[in-house]
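# Fold and contact review
The chain contents come next:
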Amino acid sequence: MRLLLATMSHETNTFSPVPTRLERFCRDGTTLLSSQTAIDFYRGTGTCMGGYLAVADEIGADVVVPVCASAPPSGPVDTDAYETFCRIITDAVAQGGFDALWLDLHGAMVAERFDDGEGELLRRIRAIDPRTPLCVAYDMHANVFDAMVSNAQIVTGYQTYPHVDQRQTAERAARALLRVMRHEVEPTLAWGSAPMLPHVMAQGTHQAPNKDLQAMCAAWEASGRALAASLFVGFPHADVEMAGLAAVVVTDNDPGDAQAMVDELISAAWQARRAFMFDIEPLEASVQRAKGLAAPGQLPVVLLDHYDNCASGGTMDTTDTLREIIRQDLDDVVFFGIYDPAAVQQAISAGIGATVTLAIGAKLPMPQLPVASSPLTVTGVVQTISSGRFKLKGGLTPGLQVYMGTTVVLDTGKMQIVLLSRHIEPTAQEMLQVLGIDPARKKFVAIKSRVHWRADLGKVAREIVECAGVGVCTSDYGQLTFRKVRRPVFPLDPDMQ
Ligand SMILES: [Zn+2]
């Protein structure tokens, strides 16, 4: 058996000023992963490609991997990058000779010229090859357009957030498609969506309502009623028509039942729409509350600077929460982190042990927001300089090589501030441990994350305080101007309340 496997993955925040050029998809900033290099990189990891490779190895299939292009979330994907991925994949498809196409796509990619990046790719593939069986594994944050699902036999989505089932999601897609290829089942797919934008901070599967919705999907798959059932919470920071919640169900030759399950998911999600909202606490009050929760010798209070989560397209360089933590004089804090490659280089020039004064952050203007951040001047000792490279043992994607970029820890006396040269969401204790910091022993751990930190850093959190800083992942939708999303939509329009 000969299989084509490919990754094209980007969660696009259309409000983000961070550019998304080809180099952002290149490991180490130079070359796109493909062929044996990609196979070696992903084999055995807790990723979608790791899952596809595991199934391919199990059945002794030959695999062709034309490209694995994956980048941290940011603004719309530029035309050169998007057309490059599409051309590499469609050229490979055009060569023919494949028994199946197994794709690892995000589902919320917006290209400069196409609001539905994945749907456009699938349309082009089907224009060349209308018949070869095709499956797609999507992220739970997919904003579903028709072309994303109608051009595939099998569609699966993550059933966990934090996304700790990436590998399993691809395995489910591959195994279901193998049954199709063996003519054991006849896939019939239905999908639907609801005009609602669930708040990301309320999407975690550690709690209702998403926990219950995902459990419905898993139960239908386990019982065999569905070949694949997926509830996509959607990505609200994308101003595209179909942003929001959707459901996709594939059954064995029973379109009516596929539609019935979709309808049940959509109805349950709509009923729970208010539970998908998030209450905002003013920054000053939240930092003050965190200070009061401190307990020396016990596990830390985790402060979430969640408006600026780079894994949702944040610049990771707004300083407002950090500034408030300093103003209220919290001590024994680690702050991960501020993206500021120039400051990293200044600290490296000074050297380990040197005392430096740096104006950090706020170097990426955010024209889509009515508020701005400003650089923060801090003085501290350069404590650590790290290559930022290591292999994750646990967390979201076990076994995956992580590249945080050259990283510096600046110790101000009361606080260790992590300065980064690449966008990376702090999710695992290992990310701090490689810098010589044990988060479990800090009084406060302040991180630019929303939900994924729960995958591993969550194990050390005694208390959690959400901080409304500044950033393009703002929880205050009033700061964002939506032009394209379908209207009316909950909760933007009062008549949908
Ligand atoms: Zn996601």
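You'll find the structure just up there.
Treat the numbers as computed from the prediction; the structure is a model and nothing was measured.

Counted according to the given criterion, the structure contains 8 aromatic pairs. Where F41 meets Y42, the ring centres are 4.9 Å apart and the plane angle is 80°; that geometry is what we call edge-to-face. Consider the rings of Y82 and F114, whose centres lie 5.7 Å apart with planes at 40°: the pair is tilted. Taken together, the residues Y82 in helix 3 (residues 79–95) and F114 in the loop between strand 4 (100–105) and helix 4 (117–128) connect sequence positions 32 residues apart. Taken together, the ring pairs connect F15, Y477 and F482 into an aromatic cluster. R2 extends its terminal NZ or CZ atom over the ring of F98, reaching a point 4.5 Å from the ring centre. R273 extends its terminal NZ or CZ atom over the ring of F490, reaching a point 5.7 Å from the ring centre.

For the structure on display, the rule yields 23 salt bridges. Note that R43 and D57 form a salt bridge whose closest N and O atoms lie 3.0 Å from each other. Within this pair, whereas R43 is found in the loop between helix 1 (35–42) and helix 2 (48–58), its partner D57 is found in helix 2, the two being separated by 14 residues in sequence. Salt-bridge contacts for K443 lead to D331; the nearest nitrogen and oxygen are separated by 2.8 Å.

Closest axis-to-axis distance for the helix 9 (residues 283–293)/helix 10 (residues 320–327) pair is 10 Å, and the angle between their directions is 50°. Taken together, the axes of helix 9 and helix 10 are oblique relative to one another. Where helix 9 crosses over helix 10, the handedness of that crossing is right-handed. For the pair helix 9 and helix 10, the contacting residues are L283, E284 and V287 in the first and D320, T321, E324, I325 and R327 in the second.

With that out of the way, let us pick up the layout of surface pockets. Here the largest pocket defines a volume of roughly 300 Å³. Considering only residue class, the lining of the largest pocket consists of 5 nonpolar, 3 polar and 4 charged.

Distances from the zinc ion to its protein donors, namely D139 (OD), D139 (OD), H141 (ND1) and H163 (NE2), fall within the range 2.1 to 2.7 Å. Taken together, the 4 donor atoms surrounding the zinc ion define angles of 53 to 146° at the centre, an arrangement classified as irregular. When the donor residues of the zinc ion are listed from N- to C-terminus, their spacing reads D-x1-H-x21-H. In this pair, D139 is assigned in the loop between strand 5 (134–138) and helix 5 (146–150) and H163 in the loop between strand 6 (154–157) and helix 6 (166–181), connecting sequence segments 24 residues apart. Each of the two residues, D139 as well as H163, counts as buried.

Time to look at empty space enclosed by the protein. Evaluated as defined, the whole model comprises 2 cavities of 30 Å³ or more. Space inside the largest cavity adds up to approximately 1,000 Å³. Along the wall of the largest cavity there are 46 residues; nearest its centre are S70, A71, P72, P73 and L400. Only strand 1 (2–9), helix 2, strand 4 and strand 15 (401–403) provide two or more residues apiece to the lining of the largest cavity. In terms of residue count, strand 15 provides more of the lining of the largest cavity than any other element does, 3 residues in total. The calculated volume of the second largest cavity comes to roughly 40 Å³. Classifying every residue of the lining of the second largest cavity by side-chain character gives 5 nonpolar, 3 polar and 3 charged.

The subject of this paragraph is helix 7 (residues 210–223). Between its first and last C-alpha atoms helix 7 spans 20 Å; for 14 residues at 1.5 Å apiece the expected length is 20 Å, and the two agree. For helix 7, every residue scored as buried is listed here: N210, L213, Q214, C217, W220 and E221. Axial view of helix 7: buried residues confined to an arc of 120°, hence all on one face. Set apart from the buried face of helix 7 by more than 90 degrees, the exposed residues are A222 and S223.

Conventions used here
- Residues numbered from 1 in each chain as written.
- Predicted model: local features only at pLDDT ≥ 70, side-chain atom pairs only at ≥ 80, totals over all residues.
- Heavy atoms only, no water.
- Phe/Tyr/Trp six-rings, centres within 6.5 Å; stacked < 30°, edge-to-face > 60°.
- Helix = DSSP H or I, 4+ residues; strand = E, 2+ residues; numbered from the N terminus.
- Lys NZ or Arg CZ within 6 Å of the ring centre and 35° of its normal.
- Salt bridge = Lys/Arg side-chain N within 4 Å of Asp/Glu carboxyl O.
- Axes fitted to C-alpha atoms, helices over the stretch in contact; angles between N-to-C directions.
- Parallel < 35°, antiparallel > 145°, perpendicular 65-115°, else oblique.
- Left-handed = near helix turned anticlockwise from the far one by under 90°.
- Contact = heavy atoms within 4.5 Å.
- 1 Å grid on protein atoms, 1.4 Å probe; cavity = no way out; pocket = protein on both sides within 12 Å on 5 of 7 lines; lining within 4 Å.
- Points joined across faces, edges and corners; volume = space filled by probe spheres on them.
- Nonpolar A, V, L, I, M, F, W, Y, C, P; charged D, E, K, R; others polar.
- Donors = N, O, S within 2.8 Å, 3.2 Å for Na, K, Ca; no water.
- Tetrahedral: all angles 85-135°; square planar, octahedral: opposite > 155°, others 65-115°.
- Buried < 20%, exposed > 50% of the residue type's maximum accessible area, 1.4 Å probe, protein only.
- Expected span 1.5 Å × (residues − 1).
- Arc of directions from axis to C-beta.

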